[in-house]
Amino acid sequence: MRPIIEFCVNNLTPDVEKIKEELEKDPELDVVEYGCLGHCMTCAEGPYALVNGEVVTGETAEELLENIRRAIEEMEEFGF
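Residues numbered from 1 in each chain as written. Predicted model: local features only at pLDDT ≥ 70, side-chain atom pairs only at ≥ 80, totals over all residues. Heavy atoms only, no water.

J.: Help me understand the side chain of Asn 67 in this model?
T.: Its location among the elements puts Asn 67 in helix α3 (residues 61-77). The contact partners of Asn 67, leaving out residues within four places of it in the chain, are Val 56, Thr 57 and Gly 58. (Helix = DSSP H or I, 4+ residues; strand = E, 2+ residues; numbered from the N terminus. Contact = heavy atoms within 4.5 Å.)

Structure, rendered in structure tokens:
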């Protein structure tokens, strides 16, 4: 199963949009965008995404990208 990375449209700052576009280039990932993911407090605090349903955050968009990749690696390690 390919990892699913979900983004909230309300959290798509220009920097987060760039990392979303970068992730979309990877054919091993499913990247989707929704109007709302229901994590409004997290969304208001800074960049975040869901990776296979788990909240992943970062202080910056770049840190978010690093944390998304780390989450994917960890899930693959444990067979998720």
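Here the narrative resumes, following the displayed structure.
J.: For this particular structure, what's the right way to read the side chain of Asn 11?
T.: Here Asn 11 shows up in the loop between β1 (4-8) and α1 (14-24). A polar side-chain atom of Asn 11 sits 3.0 Å from the main-chain carbonyl oxygen of Gly 46. Among the polar contacts listed, one links the side chain of Asn 11 to the backbone nitrogen of Tyr 48, at a separation of 3.2 Å. Aside from chain neighbours lying at most four places away, what touches Asn 11 is Val 16, Cys 43, Gly 46, Pro 47 and Tyr 48. (Polar contact = N/O pair within 3.5 Å; in protein donor to acceptor, adjacent residues only side chain to side chain.)

J.: Mind showing me how you'd approach unusual backbone geometry here?
T.: Backbone geometry at Asn 52 places phi at a positive 50°, although glycine is not the residue there. Structurally, Asn 52 can be placed in the loop between β3 (48-51) and β4 (54-57). Owing to a relative accessible area of 25%, Asn 52 belongs among the partly exposed residues under this scheme. (Buried < 20%, exposed > 50% of the residue type's maximum accessible area, 1.4 Å probe, protein only.)

J.: Any chance you could explain the nonpolar core here in plain terms?
T.: For soluble globular proteins, the rule of thumb is that nonpolar side chains tend to be buried together. If you look at the biggest cluster of nonpolar residues, it comprises 18 residues, and the most contacted ones within it are Ile 5, Phe 7, Ile 19, Leu 23, Val 51 and Ile 68. Within the residue set of this core, elements represented by two or more residues are β1, α1, β3 and α3. For this core, the element with the highest residue contribution is α3, accounting for seven residues. Residues in contact with Ile 68, not counting those within four places in the same chain, are Ile 5, Phe 7, Ile 19, Leu 23, Ala 49, Val 51 and Val 56. Cys 8, Leu 37, Tyr 48 and Leu 50 belong to the second largest nonpolar core, which has five residues in total. (Core = buried A, V, L, I, M, F, W, Y, C linked by side-chain atoms within 4.5 Å.)

J.: Please clarify how the pairing of strand β2 (residues 30-34) should be interpreted in this entry.
T.: Two faces make up the sheet, and in a regular strand the side chains alternate between them. Examined bridge by bridge, β1 and β2 share five bridges and lie parallel to one another. Residue Glu 6 lies in a different strand from β2, and its bridge partner there is Val 32. Once the chain exits β1 it traverses α1 before rejoining the sheet at β2, and the crossover so formed is right-handed. (Pairing = 2+ DSSP bridges. Right-handed = clockwise from strand over helix to strand, strands pointing away.)

J.: Looking at this model, I keep getting lost on the sheet that holds β1. Mind explaining?
T.: The strand order across the open sheet formed by four strands is β2-β1-β3-β4, and the pairing between neighbours is mixed. Two strands bound the open sheet, and with one partner strand each, they are β2 and β4. Sheet twist, expressed as the mean angle between neighbouring strand axes with direction ignored, is 30°. Sheet topology note: the β3/β4 ladder contains four bridges and is antiparallel. Directly across from Val 51, in β4, lies its bridge partner Glu 54. (Axes fitted to C-alpha atoms, helices over the stretch in contact; angles between N-to-C directions.)

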